[in-house]
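Coordinates in review
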Amino acid sequence: VRICVVGCGAVGSLFAANLAQLGDIEVWSYDLAQEHVDAINRDGLRLSGAGDIVGRPHATSDAKELPACDFGIVATKAMHTSSAIAATAAAFTDGCVATVQNGLGNEETIAEHAERVIRGTTFPAGKLLEPGHVQWDVKGDTTFGPFEARPAPVREIERLADACTRAGMPTNAVADARGPQWRKVIFNASTNPIGALTGLTHGRVCEDPALRRLVSGLVDEGKAVAAAQDIELDADPEDLIDHAARPEVAYDHKASMLQDVEAHRATEIDYLNGGIVRFGGEHGVGTPLNAAIWALVKGVERSW
Amino acid sequence: VKCCVVGAGSIGSLFAAHLATVSDVCVLTRRQEHARALNEEGLRVSGRHDFTARVTAAADPRDLPDFDLGIIATKAGGLEGAAESLSGRFPAATIMTVLNGLGAEDVVRRRGDWPLVSAVTFMSGTKHSDTHVEYILDTPTWLGPYEDTPFERVQEIERLIVDAGLKAEAMADLRPAQWSKLIFNATVNGVAALTGLRHDEHFAAERESSDLGHLVHDLVDEGKQIAEAAGVELHDDPWEMNVLATKRGSAHYPSMLEDVDSRRPTEVELINGALVREAERYGVDAPLQTAVYRLVKAREASYS
């Protein structure tokens, strides 16, 4: 089985390095950062933290070098989905393409270039320390399911989930993956931009009762948009938010969006709060708070 | 006529210098060296006007001579101390407050029973040093009676300010103007502080769904509903004030953004806090103004 990870940042590297541990899987990683690609090909792809391993995937920044693959796992930032899948689509002519990205709308974008698409959401996280070396911060589950408009066959989804699980990335194949995806999107959209706009860590956002009420207001809008689509959340995002606020979990965590804002990097706000607003509009659900947060973070990006 | 100007920021300095051309002016400063510099060098105005005024200045309120008109032009954070420094003295004086937001008169009232005049100012300036202020926008100051201050007293002050070369307009009821500015400031200053944007064309843009103008418009609409519930008929439409201001060419640097950039306490309580409390008092839902208020408060909390 041949799997190509498209976008080998922190999350992509977790998949690529772990999958490369398996003898029956050939792993490719496609990334535009040439230094990272060269380091992987020279020294392997090293993870440290929650797990310490070195994987040896083939790495390339040239999509033309990719052989035909059974699976793609797209792990770019959401704003790069379109260009990444357009460049690599030829490798997946006979394969299935999954997404493990943040936000809403990635499956739709992938389906513009791929026939069989897998909806996915993943909780493990890390950060790129240096070329070829990723810190693995948090372990967590991944869920795959068919993308309704252009579904991959169930057996293929199960095959990919099985490979990930065997590689140490526990993954469930389900009939409807929207519930876990929306839970994570609602979690991210209700907390990350609040950190980005205020400069506060997750724990400090949650311990200010007035600010926590604003977070709940955002969560409620997200839940209403999910409900209007008959999406059943697999758990309450509020529980995830409170859990993460505990000192031993992520009290001191600076949301990735806050890190982006501090570094003046484009954020994924269009695919988080912007996605909730868009789906809300399509299903007649008002999302004034998410729209406000979307506009504020876009304003931050425009101030640079 | 003898005047006392409390607070020598850009607005206080503009009042002090101009009034000194038609009256005796004493300036109460916070810092000793600021008072000494004013006594030695006078106060220079550049920009729309060009002159140097002779003023006396003191940093210790006990050194203030008697006066007929006191003008409090501190920032919100200096208001309590300013009122305290006048307490129990100057029984013949009328006190005029020129602060952003709502509620400054109440703070002064708790410290004495002087006749009070409410004022809002739209003029602007930039302080280049302790003894040099540039007069930038020559838009007027509006003033009106607070409680049972006779309107004739307000008109006398209007004439004094106009004779001094500044624009002023006495109004029998200042609340329509005060509220127009309150809604304008809560919206524009709050959004600027959170996004880092100066008051530029983004605030009026309503083309794309994530454009900031939508949020600004919605915030203004909430403010209008609060004003209506409070029985205030606005003097100007804050949305039109916003659009007009963004067309001036040079984008204003709102004080709340200036404060956030320098990690100083902002005037959010007197502006956004006051508006949100009025909404609560009159039972009006104001989720977006509440969100902006909470976010700016949280931004202040992130300094430490």
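In the block above lies the structure referred to throughout.
Now for a look at the structure at hand. (Residues numbered from 1 in each chain as written. Chains lettered and ligands numbered in written order. Predicted model: local features only at pLDDT ≥ 70, side-chain atom pairs only at ≥ 80, totals over all residues. Heavy atoms only, no water.)

1. Comments concerning the interface of chain B and chain A
Taken together, the contacts link 21 residues of chain B with 22 residues of chain A. Note on chain B versus chain A: buried area summed over both sides is about 1800 Å², and carbon and sulfur give 71% of it. Together, Ser210(B), Arg294(B) and Leu295(B) form the three largest contributors to the area buried by chain B at its contact with chain A, with a combined 29%. Where chain B meets chain A, there are 1 salt bridge. Close ionic contact of Arg302(A) with Asp211(B) constitutes a salt bridge, the shortest N to O distance being 3.6 Å. Broken down by secondary-structure element, the contributors of at least two residues to the side of chain B that touches chain A are α6 (175-195), α7 (212-229) and α11 (287-301) of chain B. Residues of the side of chain B that touches chain A, tallied by class, amount to 11 nonpolar, 7 polar and 3 charged. (Contact = heavy atoms within 4.5 Å. Buried area = accessible area lost by both parts, 1.4 Å probe. Salt bridge = Lys/Arg side-chain N within 4 Å of Asp/Glu carboxyl O. Helix = DSSP H or I, 4+ residues; strand = E, 2+ residues; numbered from the N terminus. Nonpolar A, V, L, I, M, F, W, Y, C, P; charged D, E, K, R; others polar.)

2. Details of the pattern of salt bridges
Pairs may arise between side chains of opposite charge once their charged atoms sit close together. Applying the stated criterion across every chain yields a total of 39 salt bridges over all chains. Glu107(A) serves as the salt-bridge partner of Arg119(A), at 3.8 Å between the closest nitrogen and oxygen. Taken together, the residues Arg119(A) in strand β8 (residues 116-122) and Glu107(A) in helix α4 (residues 106-111) connect sequence positions 12 residues apart. Residue classification places Glu107(A) among the buried residues on the basis of a relative accessible area of 1%. Among the ionic pairs, Arg178(A) bridges to Asp176(A), the shortest N-O distance being 3.1 Å. Here the residues in one salt-bridge network are Arg31(B), Glu33(B), Lys127(B) and Asp130(B), joined through shared partners. (Buried < 20%, exposed > 50% of the residue type's maximum accessible area, 1.4 Å probe, protein only.)

3. Here we look at the pairing of strand β9 (residues 124-129) of chain B
All names here are of chain B. Note that β9 and strand β10 (residues 132-137) share 5 bridges and pair antiparallel. Paired with Thr-126 across the strands is Glu-134, a residue of β10. The turn linking β9 back onto β10 is made up of 2 residues. (Pairing = 2+ DSSP bridges.)

4. Describing the sheet that holds strand β12 (residues 168-170) of chain B
All names here are of chain B. Spatially, the 8 strands line up as an open sheet ordered β5-β2-β1-β6-β7-β8-β11-β12, and their pairing is mixed. The open sheet terminates on both sides in strands that have one partner only, identified here as β5 (56-58) and β12. Between one strand axis and the next, the sheet turns by 20° as a mean value, whatever way the strands run. The sheet contact formed by strand β7 (residues 94-98) and strand β8 (residues 116-121) spans 4 bridges and is parallel. Residue Met-96 lies in a different strand from β8, and its bridge partner there is Val-117. Each of β1 (2-6), β2 (24-28), β6 (69-72) and β7 touches helix α3 (residues 76-86); the most contacted strand, β6, lies at about 160° to it. Strands in contact with α6 are β8 and β11 (141-145); relative to β8, the strand with the most contacts, it is inclined by about 45°. (Axes fitted to C-alpha atoms, helices over the stretch in contact; angles between N-to-C directions.)

5. A word on unusual backbone geometry
Residue and element names in this part refer to chain B. Despite not being glycine, Phe-90 shows a phi value in the positive range, around 55°. Mapped onto the secondary structure, Phe-90 falls in the loop between α3 and β7. Owing to a relative accessible area of 4%, Phe-90 belongs among the buried residues under this scheme. Of note in the backbone geometry, Glu-147 takes a positive phi value of approximately 50° without being a glycine. Within the secondary structure, Glu-147 sits in the loop between β11 and α5 (151-163). Among the residues examined, Glu-147 registers a relative accessible area of 51% and is labelled exposed.

6. A short note on the packing of aromatic side chains
The description of two aromatic rings rests on the distance between their centres and on the angle between their planes. Here the structure, examined in full by the defined rule, presents 3 aromatic pairs over all chains. Ring centres of Trp182(A) and Phe279(A) lie 5.7 Å apart, and the angle between their planes is 85°; on these two criteria the pair is classed as edge-to-face. You can see Trp182(A) sitting in helix α6 (residues 178-198) and its partner Phe279(A) sitting in helix α11 (residues 273-282), a full 97 residues away along the chain. Since its relative accessible area comes to 2%, Trp182(A) is described here as buried. Given a relative accessible area of 9%, Phe279(A) falls into the buried group. For the ring pair Phe122(B) and Trp142(B), a centre distance of 4.7 Å and an interplane angle of 65° mean the geometry is edge-to-face. Taken together, the residues Phe122(B) in the loop between β8 and β9 and Trp142(B) in strand β11 connect sequence positions 20 residues apart. Of the two residues examined, Phe122(B) and Trp142(B), each falls in the buried class. The ring centre of Phe122(B) lies 5.4 Å from the NZ or CZ of Lys181(B), which sits over that ring. (Phe/Tyr/Trp six-rings, centres within 6.5 Å; stacked < 30°, edge-to-face > 60°. Lys NZ or Arg CZ within 6 Å of the ring centre and 35° of its normal.)

7. Re the packing of α6(A) against helix α12 (residues 288-302) of chain A
Residue and element names in this part refer to chain A. Running from amino to carboxyl end, α6 crosses α12 at an angle of 40°, the nearest separation of the two axes being 10 Å. Overall, the two elements α6 and α12 adopt an arrangement that is oblique. Between α6 and α12 lies a crossing whose hand is left-handed. Across the interface between the two elements, Ala-189, Pro-193, Ile-194 and Leu-197 from α6 touch Asn-290, Ile-293, Leu-296, Val-297 and Val-300 from α12. Of the residues assigned to the contact of α6 with α12, the class counts are 8 nonpolar, 1 polar and no charged. (Parallel < 35°, antiparallel > 145°, perpendicular 65-115°, else oblique. Left-handed = near helix turned anticlockwise from the far one by under 90°.)

Purely geometric numbers; function is a separate question.
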